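Examination of the molecular architecture
What follows is the residue order along each chain.
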Amino acid sequence: MKVLMVNGSPHEKGCTNAALSVIADTLREEGVESEIFWIGNKPLTGCVACLHCAKTGKCVYDDSVNRFREKAAEADAFVFGSPVHYAAAAGSMASFMDRAFYSESAGNGGKAFRHKPAACIVSARRAGTTAALEQLFKYPMIQQMPVISSGYWNMVHGSKPEDIFKDEEGIWILKTLARNMAYFLKCLDAGKAAGICPPPVTAKPKTDFVR
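Presented here is an overview of the structure given in this document. The model shown is predicted, which means the values in this text are computed figures rather than measured ones.

1. Some thoughts on the pattern of salt bridges
Across all of its chains, the model carries eight salt bridges by this definition. With its nearest N and O atoms 2.8 Å apart, the salt bridge here joins glutamate 35 to lysine 2. Taken together, the positions of glutamate 35 in strand E2 (residues 33-38) and lysine 2 in strand E1 (residues 2-7) put the pair 33 residues apart, joining distant regions of the chain. Residue classification places lysine 2 among the partly exposed residues on the basis of a relative accessible area of 24%. Among the salt bridges present, the one from aspartate 63 reaches arginine 99, with a minimum N-O distance of 2.8 Å. On the criterion of sequence distance, the pair formed by aspartate 63 in the loop between helix H2 (52-56) and helix H3 (64-72) and arginine 99 in helix H4 (residues 91-108) is long-range, its members being 36 residues apart. Taken together, the shared-partner salt bridges in this structure form one network comprising Lys2, Glu35 and Lys71.

Right under this line is the structure:
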């Protein structure tokens, strides 16, 4: 079992990475492997709706989005993490998520994501966390991914990486989230061993509200 975690911060070793590292340590204690994937700090353009991905299976912009999707195919679960910028996910993370999820859906039918559990976390100095979480959670919810929760909203606070460890409740949230993720993955494994399969994929009718 492997959880692929995305660090959506422009700072590779910032607060978001520290938060993901807490989750990684707890997952390891539960016998679950993990990897932190950094999206980088180079400019990431948003989706331009060119549909190149539908023809080739890859995004037309060959950057960290395509590298992530290669890893995503082999992952069993995901954690998407972002700092809070202006009460929202970081701009580069929003572009990353738009392109990663759209290109996977259009180019691969969503196979790398569908029915795999996912969680989202945010880090902030002070406020804007719940708005950023709502933004991030919309991505797994549209790809039939079970959403893993904790005992409070998945957030941690601090200005510097070392600060988040002073947020005792935030650290508890991250550890509880990791244990819940490990539990869910083990349940999925037990289900597969018992012959329980995911539901079949059915065609989605698209309703046009313009009459």
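What follows continues from the structure just given.
2. Some thoughts on the pairing of E2
As paired strands, E1 and E2 are joined by six bridges and run parallel to one another. By the bridge assignment, valine 6 is partnered in E2 with phenylalanine 37. Handedness of the crossover joining E1 and E2 through helix H1 (residues 15-29): right-handed.

3. Observations concerning the packing of aromatic side chains
Within the structure shown, the criterion is met by 12 aromatic pairs. Their ring planes at 65 degrees and their centres at 6.3 Å tell us that phenylalanine 68 and phenylalanine 80 sit as a pair that is edge-to-face. In this pair, phenylalanine 68 is assigned in helix H3 and phenylalanine 80 in strand E3 (residues 77-85), connecting sequence segments 12 residues apart. Judged by centre distance (4.3 Å) and plane angle (20 degrees), the ring pair of phenylalanine 101 and phenylalanine 113 falls under stacked. Note that phenylalanine 101 is positioned in helix H4 and phenylalanine 113 in the loop between H4 and strand E5 (118-124), a separation of 12 residues in sequence.

4. Details of the nonpolar core
The biggest cluster of nonpolar side chains holds 32 residues, and the ones touching the most others in it are Phe68, Phe78, Phe80, Met93, Phe96, Met97 and Phe101. Setting aside chain neighbours within four positions, we find methionine 97 in contact with Phe80, Tyr102, Leu136 and Tyr139. Counting 25 residues, the second largest nonpolar core, distinct from the first, contains Ala19, Leu20, Ile23 and Val32.

5. Re H1
End to end, H1 covers 22 Å across 15 residues, agreeing with the expected 21 Å (1.5 Å per residue, within 8%). Counted residue by residue, H1 has 11 buried out of 15 residues, so it is predominantly covered. All buried positions along H1 are accounted for by Cys15, Thr16, Asn17, Ala18, Ala19, Leu20, Val22, Ile23, Ala24, Thr26 and Leu27. Those residues of H1 hidden inside the fold are in contact with E1, E2, E3, E5, strand E6 (155-157) and helix H6 (168-193). Looking one or two residues beyond H1, the residue adopting positive phi is glycine 31, at roughly 80 degrees.

How each quantity is defined
- Residues numbered from 1 in each chain as written.
- Predicted model: local features only at pLDDT ≥ 70, side-chain atom pairs only at ≥ 80, totals over all residues.
- Heavy atoms only, no water.
- Salt bridge = Lys/Arg side-chain N within 4 Å of Asp/Glu carboxyl O.
- Helix = DSSP H or I, 4+ residues; strand = E, 2+ residues; numbered from the N terminus.
- Buried < 20%, exposed > 50% of the residue type's maximum accessible area, 1.4 Å probe, protein only.
- Pairing = 2+ DSSP bridges.
- Right-handed = clockwise from strand over helix to strand, strands pointing away.
- Phe/Tyr/Trp six-rings, centres within 6.5 Å; stacked < 30°, edge-to-face > 60°.
- Core = buried A, V, L, I, M, F, W, Y, C linked by side-chain atoms within 4.5 Å.
- Contact = heavy atoms within 4.5 Å.
- Expected span 1.5 Å × (residues − 1).

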